[in-house]
Every structure is written in C-alpha cells, then in structure tokens.
Amino acid sequence: MSEPSDAPKTAMQKILDAVEKVGNMVPHPAIIFLTLIAVVIVLSHVLYLTGTQFTSEVIVPKPAPGKAAEVEILYDSGTAVHYQTVEEKKYTIETRTIAARSLLTGEGVRFIYASLIPSFMSFTAVGLMIVALVGAGVAEESGLVKALIRKLVLVSPRWAMTYILAFVGIMSSIAADAGYLVLIPLAGTAFLSLGRHPLAGLALGFAAVASAFTVNMLIKPLDAVLVEFTNDAIHLVDPNKSIGLASNLWFSVASVLFLTLIVAFITERMIEPRLGKYQPKQAEGEGEGETGTEAAGLSETEARGLRWAGFSLLGVLVVFALLTLPSGAPLRNPDTGELIGNSPFMNGLIALIMVLFLATGAAYGFGAQTMKSSTDIIKAIEKALSGMGGLIFLFLIISQFVAYFNYTNMGTLLALKLSDVLKAANFPPLLLLIGFIVVVALIDLLITGAIAKWALFAPVFVPLLMNLGVAPEAVLAAYRVADSPINAITPLNAYFALVVGFAQKYDHGAGVGTVVSLMLPYVVIMMVLWTLLFAGWQALGLPWGL
C-alpha cells in the first residue's frame, strides 16, 4: 500500500486515481474473458449472417520447393517438435477473400469442442513461464537475486538505478518474452531494496519490456520474420529490391536510448509522486527490514556465494560458447551458419536464461550456505511453481478466447477495413505514415502478436507507400513504433494478468485498474513522443539502418 502524499493532487493524478478505482471494480479477469468469449460467439454469428467479408492481399507461408519444409524431432514422450528456419519457411502474397466465421455453425461448434487442448498447448506464455520460473525460483530462494540487487545498489549511483533498469528492460526483448517473467519482478524487488515504491518498479519494468518490444540494439529472431514479410511486400512493386536484417538498426538504437530516458522520466516524475511512500506492512511477505537496504553491505557468506555464482556463470558461458561459436556448432542455423537473428540459439534463448539462473542460483546457495543439498534446489523449484494454479487457469481461459477470436476472423476484418479507410483518405506520405501508426496501435488492443499484424498490413501499406516515394525501411520503422506501446495496457496481452499478480504481492488491493492507471502515462507519452521521433527522422531523411 501507499502513504498519501501531503502535496495536492494534480488533475492527471485525480484522473489516474479514478481510472484505478473504476478498473478495480471490474470482475475477476477470468470472468471478464468468459464474458468476452460469449460476446465473440454471438457477434461472430451476427457477422456471419450478414455476410461480412473483405478481399485483400495477405502474406501466407508455403514450403520451399525441392526440400522438406521442416525438420521433425520426435522425443520419447511422443511429442513432435518442429524447427523451421526463415530460409526454409518461404512466404508468398496471395489475394484472398476473408469472411467472418461463426462459432455457432456446425463447423464452429466442432472447433470449440476439439480445440480446447490444442489451443491451450499452443499458448506459449504457459511454457515460457514454467521454464523461466525453474531457474528464477532457485535464484530467488537461494538469495542470489537479493544479493545481486544489494551489490548493484552498492556500486551504482542511486540516480542511475532507474535508467539501468529501463535500459535492461528494453534490451530484454532479445530473449523474446523472458523479460516479462524475469525483469519486471526484478525491477519491483530492486525498488523495494532502495526504499522506493515497488509498484513503481513493476510499472517501469512493464513499460520497458512491453512498450518498446520491437526495438533493440541487437538483431533478434523477430527481425528476421518482419524483414522477410517486408521483402515479400516490396516485391509486389520492385522484384529486384530487398532490405536486410539491419535495415532499421540506427532507428532502433536511437529508439532504445530515447525510450530509456522517457521511461525513467515518467517513473520518477509521475509514477512515484502519485504512489507516495510505500507501506510494506500491508503487503504479502514483506517486512520493514526488507526496505531501504541500500546502506547494508554484504556478509562474508554472501560475498562467497556471489563468487561461487560467478564461477558457475563462467562455466555456463564456456559451455554455450562451445555450442555456438565454432563453425558448424549445433546451435547455429544449420543452413546459413548464422548465430544472431534466426538460429536455434536465438529461438531457444529462454533455455539459456533458465540454465543461467539455475546454475548461478544453486552455486550461490551452496556458497552462501542457504542451500545444503540438491533437495533444497528441488524444493525451491516446487515453491516457485506451486503458486501458479490460478494463473494457469486464467491462461486456459485466455487461450480459448484468443483461439475463438482468431477463428472468427473479426480482428483481421477490422484491420483490413481500417486499412482501406486509411488508403482512401489520400493523405500525404508523412500523414499517411502517422495514420498507419494510429491504425496499428488500435488493432494492437485486439491482436497483440507483432507477426500476425504485419502479415496483414505489410502487403497493403508497403506497396502503397513505396508508390508515394516512401522507403520500405520507413514503413517497417513506423510499424515498430505502432506495435509496442499498447502492449502495456491491453488485457489481451498474455502477461497482463501476470503483472497484476506481481502487483498484488506488494498491494493486496491491486487489480486491473491499478495496473492500467500505472501504465496509462507510459503508453500515452511513449506513443506520442516516439511518433514524433519517427516523424522527425523521416522529415530529416536520416538513414534507418544498414
């Protein structure tokens, strides 16, 4: 909980307080999504009966000719795992008529009945969360996380902590969704250790991870798919032109630095003043002694634990260096030999994160004598996973909603209709790019996947804007701006409920409204200022990348 500030509240703070109050009055998220499922079922039939459809060019995958489309690995359990590189998985652009599909027809009812388990099993957030918590649970229970934060506090200027966490959060997208599971709770713990409000830390972490997800200073797997979709769209206008993986590198690097400053500024100037002083007595598992530990040094056993963790870290890095650095190493792309971008190493980076936390956490535990045997490690993992029952149930419901919504084609139809309206507006190129950003941001409230939306928008807007003299790199950069900020405020983000759970650790009264009110300033300000950065970049004709 928070201790109210003596300073009078601003109009913005009053608005956010009202948003929080109203938002926390909504039912449990599971009830919300069950209601949304009912709405989707009824609305899908209405659209089906009215014959709603739209014809447009879309990107669809097809197997590369003359070679197997994928490699299948069959484990002892009988589970088939498919690995497919971007080079093997070619895409084509086809003109298709997309019609609304009803969930109340015979086919729709069969889909509802038969898709329960497949839809849940394909909901990757569940697997990522379990895998990440295996390692993170050991690191947390052994005391490694708290020791590292205290060490960081001792060696870093207090003012720099906000910027460090914001930067690391944005860069965590190199590991796909792992930042949601690791960085966000870590930011809350770091703020608590500094005597600052942990909800502000969670908000900072969520904004950095979610609202800047499409940019990074490094090339990541998402870039490979976005660039290939862009090139397929480019070839509709110029078959001889293509862009590379680093086509947005300079804009992405500038965006990372720019957004780091924005996220830190909002946290310190808006979020923390509104929250006031944290009162740990009313939070779960928190005590007075856990706040304001920045002045406390490390004990001899803690220092030894960190040394052992350092040796363990070095050992893990050596092993993975042998698996990645040599030519022909097993974690390189088997066809192209590349390591960064599209490769088994990058696509499975969550495994490295799990091993790092597991190995260093166990090593710290034995060194600091907080763990005595392998049984303690197993118990730490069990403890980390034991509280996931409610979240797994919620994910089951969310996975069904996502499956039903995608089946009906309602999101696709809305996206294509908005695209058609924007095309017909006859805006000049820069205004059309800004309009494109607005349309994508609105659709992101319903379709959160970056790849799915770009498959819809690329064949429409890349050729349109190229014919107006706009570089395709600029269109892709605009999409990066549009796709990210809304991620931190839409309940359809698979990790939104997880962040609500993180908040409830520090405030029993926290709910959906609490998170929305915390994230609203980030979303609005980042959306506006990042769009202005993009517009200035385009107007000045700066290079987008290599």
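Heads up: the structure comes first, above all this text.
Computed from a predicted model, the values in this text were never measured in an experiment.

A.B. asks: Please set out helix α16 (residues 389–408) residue by residue, giving values where relevant.
C.D. replies: An α-helical turn contains 3.6 residues, so any two residues separated by three or four positions project in the same direction. When the terminal C-alpha atoms of α16 are compared, their 29 Å separation across 20 residues agrees well with the 28 Å that a helix rising 1.5 Å per residue should span. A positive phi of about 70° marks Asn 409, the residue just after α16.

A.B. asks: An account of empty space enclosed by the protein is requested, with residue identities and associated values reported.
C.D. replies: Counted by the stated rule, this structure contains two cavities of 30 Å³ or more. Looking at the largest cavity, its volume works out to about 80 Å³. Surrounding the largest cavity, 13 residues form its lining, Asn 216, Ile 219, Asp 223, Ser 252 and Arg 480 being those nearest its centre. Its residues assigned to classes, the lining of the largest cavity comprises six nonpolar, four polar and three charged. Each pocket or cavity is described by its volume, and for the second largest cavity that value is around 40 Å³. Lining the second largest cavity are Leu 199, Leu 202, Ala 203, Val 499, Ala 503, Val 515, Leu 518 and Met 519.

A.B. asks: Lay out the packing of helix α9 (residues 198–210) against helix α11 (residues 249–275) with the relevant residues and their values.
C.D. replies: Taken N-terminus to C-terminus, the directions of α9 and α11 make an angle of 150°; their axes are 10 Å apart at the nearest point. Between α9 and α11, the angle falls in the class roughly antiparallel. Once α9 is placed against α11, the crossing between them reads as right-handed. The segment α9 lies against α11, with Leu 199, Ala 200, Ala 203, Leu 204 and Ala 207 engaging Val 263, Thr 267, Ile 271, Glu 272 and Leu 275. A per-class count over the contact of α9 with α11 returns eight nonpolar, one polar and one charged.

A.B. asks: Please give an account of a nonpolar patch on the surface that cites residues and values.
C.D. replies: A cluster of nonpolar side chains, contributed by Leu 414, Val 438, Leu 442, Leu 445 and Leu 446, occupies part of the molecular surface with about 390 Å² of accessible area. Summarising the element assignment, Leu 442 is placed in helix α18 (residues 429–444).

A.B. asks: So what's going on with helix α15 (residues 374–386)? Residues and values would help.
C.D. replies: Spanning 13 residues, α15 covers 18 Å between terminal C-alpha atoms, matching the ideal 18 Å at 1.5 Å per step. Among the residues making up α15, those that are buried are Ile 377, Ala 380 and Ile 381. Down the axis of α15, the sector holding all buried residues measures 95°, keeping them to one side. Among the exposed residues of α15, those pointing more than 90 degrees away from its buried face are Lys 379, Lys 383 and Ser 386.

A.B. asks: Describe in detail the environment of Ile 398, supporting the description with residues and values.
C.D. replies: Structurally, the position occupied by Ile 398 is in helix α16. Take Ile 398: its relative accessible area is 2%, and that puts it in the buried class. Put simply, Ile 398 and Phe 123 are 275 residues apart on the chain and 8.9 Å apart in space, counted from C-alpha to C-alpha. In this view, Ile 398 contacts Phe 33 and Phe 123; residues no more than four positions away in its chain are not counted.

A.B. asks: Any chance you could break down unusual backbone geometry for me, citing the residues and the numbers?
C.D. replies: Although it is not a glycine, Gln 369 adopts a positive phi angle of roughly 65°. Position of Gln 369 relative to the elements: it lies in the loop between α14 (349–367) and α15. The phi dihedral of Asn 409 falls on the positive side, at around 70°, and the residue is not glycine. Mapped onto the elements, Asn 409 comes out in the loop between α16 and α17 (410–424).

A.B. asks: Tell me about the packing of helix α7 (residues 160–171) against α11, residues and numbers included.
C.D. replies: Where α7 contacts α11, the two axes come as close as 9 Å, and the packing angle between them is 130°. Accordingly, the angle class assigned to the pair α7 and α11 is oblique. The two elements α7 and α11 cross, and the hand of that crossing is right-handed. Residues Thr 162, Tyr 163, Ala 166, Phe 167, Ile 170 and Met 171 of α7 form the contact with α11, whose participating residues are Val 256, Leu 259, Thr 260, Leu 261, Val 263, Ala 264, Thr 267 and Glu 268. Partitioned by chemical class, the residues of the contact of α7 with α11 number ten nonpolar, three polar and one charged.

A.B. asks: Could you give me a rundown of the nonpolar core, with the residues and numbers involved?
C.D. replies: One broad trend across soluble globular proteins is that nonpolar side chains are buried collectively. Membership of the largest hydrophobic core comes to 162 residues, with the highest contact counts inside it found for Phe 206, Phe 436, Trp 454, Phe 457 and Tyr 522. Per-element tally for this core: the top contributor is helix α22 (residues 512–540), with twelve residues. Not counting chain neighbours up to four residues away, the residues in contact with Phe 436 comprise Leu 422, Trp 454, Phe 457, Phe 461, Val 475, Ala 478 and Tyr 479. Formed by seven residues, the second largest nonpolar core is a distinct cluster that contains Val 138, Ala 362, Met 371 and Ile 381.

A.B. asks: An account of the pattern of salt bridges is requested, with residue identities and associated values reported.
C.D. replies: Enumeration according to the criterion identifies nine salt bridges in this entry. Note that Arg 274 is salt-bridged to Asp 17, the shortest N-O span being 3.0 Å. With Arg 274 in helix α11 and Asp 17 in helix α1 (residues 11–23), this residue pair connects regions lying 257 residues apart in the sequence. Judged by its relative accessible area of 14%, Arg 274 is buried. By relative accessible area, which is 21% here, Asp 17 ends up partly exposed. Across the pair Glu 141 and Lys 383 runs a salt bridge whose closest N-O atoms are separated by 3.1 Å. With Glu 141 in helix α5 (residues 124–142) and Lys 383 in helix α15, this pair connects stretches of sequence that are 242 residues apart. Note on Glu 141: relative accessible area 39%, which makes it partly exposed. Here Lys 383 falls in the exposed class, since its relative accessible area comes to 52%.

A.B. asks: I'd like a description of the packing of aromatic side chains, backed by residues and values.
C.D. replies: Applying the stated criterion to the full structure yields 20 aromatic pairs. Where Phe 401 meets Phe 405, the ring centres are 5.9 Å apart and the plane angle is 20°; that geometry is what we call stacked. Of this pair, Phe 401 and Phe 405 both sit in helix α16, four residues apart, which is roughly one turn of that helix. As far as burial versus exposure is concerned, Phe 401 and Phe 405 are alike and both buried. An aromatic cluster is present here, built from Phe 436, Trp 454, Phe 457, Phe 461 and Tyr 479 joined pairwise through their rings. Above the face of the Phe 191 ring, Arg 196 is positioned so that its terminal group lies 4.1 Å from the ring centre.

Scoring rules and cut-offs
Residues numbered from 1 in each chain as written. Predicted model: local features only at pLDDT ≥ 70, side-chain atom pairs only at ≥ 80, totals over all residues. Heavy atoms only, no water. Helix = DSSP H or I, 4+ residues; strand = E, 2+ residues; numbered from the N terminus. Expected span 1.5 Å × (residues − 1). 1 Å grid on protein atoms, 1.4 Å probe; cavity = no way out; pocket = protein on both sides within 12 Å on 5 of 7 lines; lining within 4 Å. Points joined across faces, edges and corners; volume = space filled by probe spheres on them. Nonpolar A, V, L, I, M, F, W, Y, C, P; charged D, E, K, R; others polar. Axes fitted to C-alpha atoms, helices over the stretch in contact; angles between N-to-C directions. Parallel < 35°, antiparallel > 145°, perpendicular 65-115°, else oblique. Left-handed = near helix turned anticlockwise from the far one by under 90°. Contact = heavy atoms within 4.5 Å. Patch = residues over 30% accessible without salt bridge, like charges linked within 9 Å, V, L, I, M, F, W, Y side chains within 5 Å. Areas by Shrake-Rupley, 256 points an atom, 1.4 Å probe, with all protein chains shown as cover. Salt bridge = Lys/Arg side-chain N within 4 Å of Asp/Glu carboxyl O. Buried < 20%, exposed > 50% of the residue type's maximum accessible area, 1.4 Å probe, protein only. Arc of directions from axis to C-beta. Core = buried A, V, L, I, M, F, W, Y, C linked by side-chain atoms within 4.5 Å. Phe/Tyr/Trp six-rings, centres within 6.5 Å; stacked < 30°, edge-to-face > 60°. Lys NZ or Arg CZ within 6 Å of the ring centre and 35° of its normal.

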